[in-house]
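This is what each chain is made of:
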Amino acid sequence: MSLPSLLQDRLRLPVIGSPLFIVSSPELVIAQCKAGIVGSFPALNARPASLLEEWLHRITEELATWDRDHPEMPSAPFAVNHIVHKTNDRLEHDLEATTRWKVPMIITSLGAREDVNAAAHSYGGIVMHDVINNRFAQKAIEKGADGLILVAAGAGGHAGALSPFALVQEVRAWFDGPVALSGAIANGYSILAAQAMGADLAYVGSRFIATDEGNAIDEYKQMIVDCSANDIVYSNMITGVHGNYLKPTMVRAGLDPDNLPVADPSRMNFGDGGLNRAKAWKDIWGCGQGIGAVRSVRSAGEVVAEMAEQYAAAKAALAAKTTGASRRTLAFG
């Protein structure tokens, strides 16, 4: 298990900031990369489609300038998320743009396609595909993905239902390539826990909604600060794919969180025709179960710095426990 070469010596923390629908903007991505973690955004956040070109230009140029001025602390690479689903009528356009700009990392979701992987590989990019079970993981690697993002129970937005322990151990039984783990990871302690389970990287999303750079209204950010895991509802009502959402927004919309309708998965739409979906996401807000760790709205840089301190403390505490356990074993051996 090792990081891809483009990530080696470029990360302050082993973290990918996950692509957040609507919320991830160039401001957030740039701040995350400067802070030393992979920043990412869904290509569909750039609306209209022509805006994607501007975003890629801005992110590429600003990070290049940062690297020139801060050779001792280069930025982390950035990633773009493509929804690889038949209803995404923008995929061809968006893929052409990310290929032309040679985006370092592509994150694919809701389907694995060999042509998408080949496009990224044509210029040296890597592809991480998100999956919710072992069967989908095997299919993704068979079709040429370089690594996997294991979306376990508790993750924000579209999420699986499997325990991270179960999902990681099943995938690691056959795959030794790069793996990121998603699911209620919101501080440095859980980042280290993800690595201890066998992941190379943690995939952190909801914590970055409540940041200065996150493209979310203040009420959304404050609700994340005020809520906890008990305020998260798992449903497929919004897009046809199961995901986690904030219960108070469902109640506000006149829905009964305990008796939600079940959506027809065949009616999913992730293309330009899906603007009504975007409005639904604006009314009913996605979020993961890890928000109990969020105490305030801060800058992305401050969040990463705090996580780095927690990560170092967790490593030190674990080392002390391991040393103590070794001594006890010798004493009773």
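Whatever comes next refers back to the structure up there.
Predicted, not measured: the structure shown is a model, and the values here were computed from it. (Residues numbered from 1 in each chain as written. Predicted model: local features only at pLDDT ≥ 70, side-chain atom pairs only at ≥ 80, totals over all residues. Heavy atoms only, no water.)

Colleague: Which residues make up the sheet that holds strand β7 (residues 157-158), and what values do they have?
Modeller: The 3 strands are arranged β7-β11-β10 in an open sheet whose pairing can be described as antiparallel. Two strands in the sheet have a free side with no partner beyond their single neighbour: β7 and β10 (232-235). Judged from the 2 bridges that link them, β7 and strand β11 (residues 243-246) form a sheet pairing that is antiparallel. The partner of H158 across the bridge, within β11, is G243. (Pairing = 2+ DSSP bridges. Helix = DSSP H or I, 4+ residues; strand = E, 2+ residues; numbered from the N terminus.)

Colleague: Now, about the sheet that holds strand β5 (residues 126-131): what can you tell me, with residues and values included?
Modeller: With respect to topology, 8 strands assemble into an open sheet ordered β1-β9-β8-β6-β5-β4-β3-β2, the strand pairing being parallel. Of all the strands in the sheet, just β1 (15-17) and β2 (39-42) have a single pairing partner and so form its edges. This sheet shows a mean twist of 25° between the axes of neighbouring strands, independent of strand direction. Pairing of strand β4 (residues 105-109) with β5, which is carried by 4 bridges, proceeds in the parallel orientation. Opposite M105, over in β5, you have I126 as the bridge partner. (Axes fitted to C-alpha atoms, helices over the stretch in contact; angles between N-to-C directions.)

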